[in-house]
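Structural description and commentary
Given next are the chains, with one letter for each unit.
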Amino acid sequence: MNKVYPDAASALAGIVKDGQLLAVGGFGLCGIPEALIDALQATGVKGLTVISNNAGVDGFGLGKLLNTRQIKKMISSYVGENETFERQYLNGKLELEFNPQGTLAERIRAGGAGIPAFYTKTGVGTLIAEGKEQKDFNGVTYLMETGLVADLSIVKAWRGDEEGNLVYRKTARNFGPVMAMAAKRTIASVYEVVPLGALDPEAIVTPGIFVKRVVKT
């Protein structure tokens, strides 16, 4: 089964909808699926809730979707260095579900592993704990955090084959593998598409079973 599409726009065709929960790989400016974000912006889709470690910067990555007001809510860990985000949030035009970085990573991993919720000490006694179930284990209080499963995930990898198996390059790997697992559908942009069998099986990080479509960008 060849999952390779000719461009980012065709890879998104028939999948994106208003109001979706979207997971986006990347950390800072590394491993951002910018071509897929640009194509997503061009669709005009709106009302998105976006899971991402950070909210991009002005004029790049998710910052572009913020500029066009296509995002209604961010589920993130780091939200600095983005004046558009700050302005929209302070003006009440953008919702934010803030997570400690380790908690966010585990929520995504748990969603991909089919784990509906887990307990963590992180955030106990802080604003993070407000409205969340708490439980004691061996005399220690923990918060219950829920796993995250997106409608669509977009990630960026280094190389991918026709079946969607992905290899990442160094720190660009970051959130990509867990984001790819924690979604009903995943689309991957890659620098290079190779024939099936060309990737070293030991180097594959994301198996093709998790990837619906691949596009070279």
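Anything mentioned here points back to the structure above.
Residues numbered from 1 in each chain as written. Predicted model: local features only at pLDDT ≥ 70, side-chain atom pairs only at ≥ 80, totals over all residues. Heavy atoms only, no water.

1. A word on the overall build of the chain
Within the chain, the regular secondary structure consists of 6 helices and 12 strands. Taken against the 2.2 N^0.38 rule, which gives 17 Å for 217 residues, the C-alpha radius of gyration of the chain at 17 Å falls within 12% of a compact globule. When its C-alpha atoms are laid out on the principal axes, the chain stretches across 55 × 40 × 30 Å. Put simply, the chain has 217 residues, and 44% of those count as buried. Put simply, 70% of the contacts in the chain that link residues at least 6 apart link residues at least 24 apart. Total accessible area on the chain stands at roughly 10,400 Å², and carbon and sulfur atoms take up 53% of it. Side chains of the chain give 24 positive and 22 negative charges; the mean places of these two sets differ by 3 Å. (Helix = DSSP H or I, 4+ residues; strand = E, 2+ residues; numbered from the N terminus. Rg over C-alpha atoms; globule rule 2.2 N^0.38 Å. Buried < 20%, exposed > 50% of the residue type's maximum accessible area, 1.4 Å probe, protein only. Contact = heavy atoms within 4.5 Å. Areas by Shrake-Rupley, 256 points an atom, 1.4 Å probe, with all protein chains shown as cover. Lys, Arg positive; Asp, Glu negative; His and termini not counted. Charge placed at Lys NZ, Arg CZ, Asp CG, Glu CD.)

2. Overview of the pairing of strand β11 (residues 186-194)
Summarising the sheet, strand β9 (residues 152-161) and β11 pair through 8 bridges and their orientation is parallel. Of the residues in β11, the one forming a bridge with Asp161 is Val194. Inspection of the sheet shows β11 paired to strand β12 (residues 213-216) by 4 bridges, in the parallel sense. For Val190, the partnering residue across the bridge sits in β12 and is Lys216. (Pairing = 2+ DSSP bridges.)

3. Thoughts on the side chain of Glu145
Inspection of the secondary structure puts Glu145 in strand β8 (residues 140-146). Looking at Glu145, the relative accessible area reads 3%, which means it is buried. Only 2.8 Å separates the side chain of Glu145 from the side chain of Lys132, close enough to count as a polar contact. Ignoring any residue separated from it by four or fewer positions in sequence, one finds Glu145 in contact with Thr103, Arg107, Pro116, Ala117, Phe118, Thr120, Ile128 and Lys132. (Polar contact = N/O pair within 3.5 Å; in protein donor to acceptor, adjacent residues only side chain to side chain.)

4. Re the side chain of Thr103
Tracing the sequence through the fold places Thr103 in helix α5 (residues 101-113). We classify Thr103 as buried; its relative accessible area is 4%. Among residues more than four places away in sequence, those in contact with Thr103 are Phe118, Thr120, Thr122 and Glu145.

5. Notes on the pattern of salt bridges
Per the counting criterion, the structure on display carries 8 salt bridges. Ionic pairing is found between Glu34 and Lys156, a salt bridge with its closest N-O pair at 2.8 Å. A residue pair is termed long-range when its members are at least 10 positions apart, and Glu34 in helix α2 (residues 34-43) and Lys156 in strand β9 qualify at 122 residues. Exposure remark for Glu34: the relative accessible area of 27% places this residue in the partly exposed category. The class of Lys156 is buried, set by a relative accessible area of 11%. Glu192 is paired through a salt bridge with Arg159; the nearest N and O atoms lie 3.3 Å apart. (Salt bridge = Lys/Arg side-chain N within 4 Å of Asp/Glu carboxyl O.)

6. Focus: the nonpolar core
Within the largest apolar cluster, 27 residues are counted, with the highest numbers of intra-cluster contacts made by Leu12 and Ile154. At the level of elements, α1 (8-12), β2 (21-24), α2, β3 (48-51), α3 (62-67), β4 (71-76) and β9 are the ones that each hand at least two residues to this core. Leave out the neighbours within four places in its chain, and Ile154 touches Leu12, Leu22, Ala23, Val24, Gly25, Pro33, Leu36, Ile37 and Ile187. By size, the runner-up hydrophobic cluster in this structure holds 20 residues, among which are Leu148, Ala150, Met179 and Val211. (Core = buried A, V, L, I, M, F, W, Y, C linked by side-chain atoms within 4.5 Å.)

7. Some remarks on the sheet that holds strand β7 (residues 134-137)
The strand order β6-β8-β7 describes an open sheet built from 3 strands, whose pairing is antiparallel. The open sheet has two edge strands with one neighbour each: β6 (117-120) and β7. Averaged over neighbouring strand pairs, the angle between their axes works out to 40° when direction is ignored. Across 4 bridges, the pairing between β7 and β8 is antiparallel. Across the sheet, Lys135 pairs through a bridge with Tyr142, a residue of β8. Against the sheet, α5 contacts β6 and β8, and its axis sits at roughly 155° relative to β6. (Axes fitted to C-alpha atoms, helices over the stretch in contact; angles between N-to-C directions.)

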